[in-house]
Amino acid sequence: MLQICHAGNCLLACRRCRKYPQNSRVIINVMRTRIASAIALLSAVILTAQAQQVTPRIAYVYPAGGCRGATFQAVVAGQFLEGTANVLLSGDGIEARVIEHTRPLSVEQAIMLQPKFEELRKKKAAAAGSRTTGAWTAEDEKTLVEMSRKLELFIPKAQINQSIVENVIIEVSIAADAEPGARELRLRGPAGLTNPLVFCVGQLPEFSRPPAKTYRQPKDGKGPKVVPPPSEMSVTLPATVNGQIMPGAANQFRFRARQGQRLVFATSARALIPFLSDASPGWFQAMLALRDAQGKEMAFTEENHVQPDPVAYFQVPKDGDYALEIHDSLYRGREDFVYRITMGETPFVKSIFPLGGPAGAQTTVELNGWNLPQNRLTMDAKGKSPGTVPVAVRKGDLISNRVPFTVSTLPEYLEREPNNTVANAQPVTVPVIVNGRFDRAGDADVFRFEGRAGQEIVAEVVARRLGSPVDSVLKLTDANGNQIAMNDDFEDRGSDLNTHHADSFLRATLPATGTYYVHLRDTQQNGGPDYGYRLRLSRPDPDFELRIVPSGISGRRSATVPITVYALRKEGFTSGIALALRNAPAGFNLSGGRVPAGCDSVRLTLTLPTTTRRGPPESLCLEGCATMHGRELIRAAVPAEDVMQAFKYHHLVPTQDFKVAVMGRGQTAGPMRLLGDSPMRIPVGGMVRVRFDTSAASLPEKLQLELSDPPPGIGIQSSSVSTGSIEIVIECDATVAKAGLQGNLIVNAFEPGFPVISKEKTRGVARRVPLATFPAVAFDVVTSAP
């Protein structure tokens, strides 16, 4: 029963006196209301703190796919996954449910559990030699099994990577008519949405090796022991095999094949997990070797052209038993070194030519590969917008791999041989796209065009970005052979899965009217049917792409969540970009929706609705609109994850959807609103006041406010809290911030912390509790006060 001090202002009973006033019931009701409000605020604080400080992450799923029509279990490993309730899979025809969550014991937990476990084991042994009924019960057996299972998960220093310390066991069911291909898998729990992982719907029977680590309690009782799975597995072709590579290990799959079979072994490893943050070169570099029954190596490959995931092609010389071996190039390994290999006489497209075609027209495409039902197909680009579309062929019930085909609005022509020198250069008229190919080793192509003095020209090669092995080098010369510009490699930030940006790009201003030559070759002098390219000659085409990070966010109702938008500017595009949600459900509000002119990124905020939506998370679309040289450009933002490679490098890895989960039950605080104009104008060396309506936010009176990652020279000078609003004074340091600076300011609110109390003394460091994020405020630094 709640006891209230007679003074009426103490939550606990006063130990000095046990007196209660006659109106104690009224006081109790009042205090209950206060406590309820405090609990509601505390709950909001805790959940807000969790959302800001603990982000659930998943590192791998194994197996990373399954066959249509199958139901099976998979392991999803990650961090901060406790309480996971839902599995989210993109696309139709596939669903999954959570079975259990496991986490290895800590050292302290294992130390406390081990004596109890030993005591139960001795009791069981004693009961086995006793004739007394009931000496060992079913409940004792259940407890022993549960303790054993927990201890099996604990091996000191075995799980040194905290990013894969937790496991969520899921059951996946794939419909027989599900569309084959890559999907995205996420988990959802109390802490919100995880990042996505690739999960594949396959077409072939599947074989999965046992998990990379299994544990058992040895008979001597001295502790758990690691039992690795067998290194070999027998399979029947065609099939898809799943496995994980551990340190120093090589996995083998034995199969029987007939003479004359044309077998394809296509690996997916980096396609599943593009980058590893704590491994060099930053991904699982798989290598394949094919051996006969005597162990003789029949084929070996470590890449597919220049793609890290290897593909082996093997025409069987005679009937017999064979083995496919896979291992890491440096014999590294870990649980997240996950792979899938399709094995059999499956259709596989190695390359196409040409690599693209004009919009609104049909293009005859030459196919090069194995087990293909035809060597040509017609790509119909009528009604298609410029961009990249996938090409695949069907053979019976099987669909081949997909390769990219680019659709363009410029005139397109095929390269014509001979055109190896200036003397026989192929004439072209700018603007143009030339679809060419280095047919043989040492081949080079030269193109001739007429230009005007002062004319700006762009020459761009697109090959590696479309899967071609070409490593181009590009040179522009005048009629006398004088070099005007040259380029080997050019980094395209929109192609962040490429770690070797081998395509060339140059931009130059022609010095005089006359004839010019574009020289193109492969830096390694390689050539063949797979060495296709697209060469664009045109004036500069300013444009941009957008990436939104992260690809999934979570928050309580009415919460404001920061996001980052990156602008990938191309060919001199410098304009500002207006950002907005497209066809978003009611209640979602974007603040700070602009990328200032010349800026490559901006942080803005998304305020969530005041009501919780049942069912799956919302899929939102953000787009940017800009004007350049009188032309309006509208581009959709591509969701992406900021992923680290090899301890250092960062990549924006595209995903399929931008997901938003609105969480929380019961009453919650409302959103905050900016009062006043945006963008606010901050004078150099001066100050500006910005006010927020907080009447619906239920914030405490005492707050600590802090700018989140502000630009140098911009800071909070003071703040004041009044009923229903907060006023913040922003100051600009004239020695650091200069006129013309633009961006967004995001304010975080914290509840002042209390000193951490230990048994010895009270430490002076206080822990702050994050409360809320304010909507982003756009700002311009100006020379004088508004």
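If you're wondering where the values come from, they're calculated on a predicted model, not measured in any experiment.

Draft legend 1. Expanded view of the overall build of the chain. Helix and strand counts for the chain stand at 3 helices and 63 strands. Relative to its full complement of 786 residues, the chain shows a buried share of 47%. Within the chain, contacts between residues separated by at least 24 positions form 70% of all contacts whose residues are at least 6 apart in sequence. Counting only carbon and sulfur atoms, one obtains 51% of the accessible surface of the chain, whose full area is about 38,500 Å².

Draft legend 2. Local environment of the packing of aromatic side chains. According to the stated counting rule, one finds 14 aromatic pairs in the structure shown. Look at Phe438 and Tyr533: their rings are 5.1 Å apart centre to centre, the planes differ by 35°, and that puts the pair in the tilted class. Of this pair, Phe438 sits in the loop between strand 32 (432-437) and strand 33 (444-451) while Tyr533 sits in strand 39 (residues 532-538), and the two are 95 residues apart along the sequence. Taken together, the aromatic side chains of Phe255, Phe265, Phe314 and Tyr322 make up a single cluster linked through ring pairs. Over the aromatic face of Trp370 sits the side chain of Arg262, whose NZ or CZ is 3.9 Å from the ring centroid. The ring of Tyr313 carries Lys350 above its face, with NZ or CZ at 5.0 Å from the centroid.

Draft legend 3. View of helix 2 (residues 107-128). In this model helix 2 runs 31 Å from its N-terminal to its C-terminal C-alpha over 22 residues, within 8% of the 32 Å that 1.5 Å per residue would give. The largest bend in helix 2 comes to about 25°, at Leu113, with the proline Pro115 one to four residues further on. When helix 2 is considered as a whole, its buried residues turn out to be Ala110, Leu113, Phe117, Leu120 and Ala127.

Draft legend 4. Inspection of the sheet that holds strand 3 (residues 71-79) at higher detail. One open sheet holds the 4 strands; their spatial order is 1-3-6-5, and the pairing between them is antiparallel. Two strands lie at the open edges of the sheet, namely strand 1 (57-62) and strand 5 (94-102), each paired on one side alone. In this sheet, adjacent strand axes meet at a mean angle of 30° when their direction is disregarded. Pairing analysis gives 8 bridges linking strand 5 to strand 6 (residues 166-174), with the strands arranged antiparallel. Counterpart to His101 in the pairing with strand 6 is Val168.

Draft legend 5. Layout of unusual backbone geometry. Cis rather than trans, the peptide bond between Ser280 and Pro281 has omega equal to 15°. If you trace the backbone, Pro281 turns up in the loop between strand 16 (262-268) and strand 17 (286-292). Across the junction of Phe353 and Pro354, the peptide omega takes the value 0°, indicating a cis bond. We note that Asn583 has phi near 55°; this positive angle belongs to a residue other than glycine.

Draft legend 6. The arrangement of the pattern of salt bridges in detail. Applying the stated rule across the entire model yields 34 salt bridges. The salt bridge partner of Arg536 is Glu460, with a shortest N-O separation of 2.9 Å. Remark: Glu460 occurs in strand 34 (residues 456-462) and Arg536 occurs in strand 39; sequence separation between them is 76 residues. The burial state of Arg536 is the same as that of Glu460; both residues are buried. The shortest N-O distance in the salt bridge between Arg465 and Asp503 comes to 2.8 Å. Note that Arg465 is positioned in the loop between strand 34 and strand 35 (472-478) and Asp503 in the loop between strand 36 (483-487) and strand 37 (505-509), a separation of 38 residues in sequence. The class for Arg465 is partly exposed, based on a relative accessible area of 23%.

Draft legend 7. Molecular detail of the nonpolar core. Leu185, Phe255, Phe265, Ile326, Ile341 and Met343 are the most contacted members of the largest nonpolar core, which totals 58 residues. Looking at this core element by element, the count peaks at 5 residues for strand 1. With sequence-adjacent residues up to four places away left out, Phe265 is seen in contact with Phe255, Leu288, Leu290, Pro310, Val311, Ala312, Phe314, Leu324, Ile341, Thr342 and Met343. The next biggest cluster of nonpolar side chains, apart from the first, holds 26 residues, and it includes Leu546, Val565, Ala567 and Val595.

Draft legend 8. View of the sheet that holds strand 26 (residues 387-391). Strand order across the open sheet formed by 3 strands is 23-29-26, with mixed pairing between neighbours. With one partner strand each, in any of the chains shown, strand 23 (356-358) and strand 26 form the two edges of the open sheet. Averaged over all adjacent pairs, the angle separating strand axes in this sheet is 30°, with direction ignored.

Draft legend 9. Representation of the environment of Ala597. Note that Ala597 resides in the loop between strand 45 (594-595) and strand 46 (601-607). Once you skip the residues sitting within four places of it in the chain, Ala597 turns out to touch Arg569, Thr574, Ser575, Gly576 and Gln742.

Draft legend 10. Quick peek at the environment of Asp693. With respect to the helices and strands, the residue Asp693 is situated in strand 54 (residues 687-693). A sequence separation of 21 residues divides Asp693 from Met672, and the C-alpha atoms of the two residues are 5.6 Å apart. Residues in contact with Asp693, not counting those within four places in the same chain, are Pro671, Met672, Arg673, Leu675 and Gly724. At a separation of 2.8 Å, a polar atom in the side chain of Asp693 contacts the side chain of Ser695.

Draft legend 11. Geometry of the side chain of Thr655. If you trace the backbone, Thr655 turns up in the loop between strand 50 (649-654) and strand 51 (658-663). For Thr655, the contacting residues outside a window of four places in its chain are Glu184, Pro196, Ser551, Val638, Pro639, Ala640 and Glu641.

Draft legend 12. Just the confidence of the model for the chain, in detail. Residues at a pLDDT of 70 or more form 86% of the chain, whose mean pLDDT is 87. Confidence drops under a pLDDT of 50 for residues 214-226, and excluding neighbours within four residues, the segment shows 29 contacts in the predicted structure. Long-range and interchain partners of residues 756-763, a stretch whose pLDDT sits below 50, account for 9 contacts in this model, where long-range means more than four residues apart.

Draft legend 13. Molecular detail of the side chain of Asp492. Inspection of the secondary structure assignment puts Asp492 in the loop between strand 36 and strand 37. A distance of 2.9 Å separates polar atoms of two side chains, one belonging to Asp492 and the other to Arg465. Those residues in contact with Asp492 that lie beyond four places of it in its chain are Arg465 and His501.

Calculation notes
Residues numbered from 1 in each chain as written. Predicted model: local features only at pLDDT ≥ 70, side-chain atom pairs only at ≥ 80, totals over all residues. Heavy atoms only, no water. Helix = DSSP H or I, 4+ residues; strand = E, 2+ residues; numbered from the N terminus. Buried < 20%, exposed > 50% of the residue type's maximum accessible area, 1.4 Å probe, protein only. Contact = heavy atoms within 4.5 Å. Areas by Shrake-Rupley, 256 points an atom, 1.4 Å probe, with all protein chains shown as cover. Phe/Tyr/Trp six-rings, centres within 6.5 Å; stacked < 30°, edge-to-face > 60°. Lys NZ or Arg CZ within 6 Å of the ring centre and 35° of its normal. Expected span 1.5 Å × (residues − 1). Bend = angle between axes of the 7 residues up to and from the residue. Pairing = 2+ DSSP bridges. Axes fitted to C-alpha atoms, helices over the stretch in contact; angles between N-to-C directions. Salt bridge = Lys/Arg side-chain N within 4 Å of Asp/Glu carboxyl O. Core = buried A, V, L, I, M, F, W, Y, C linked by side-chain atoms within 4.5 Å. Polar contact = N/O pair within 3.5 Å; in protein donor to acceptor, adjacent residues only side chain to side chain. pLDDT = per-residue confidence, 0-100.

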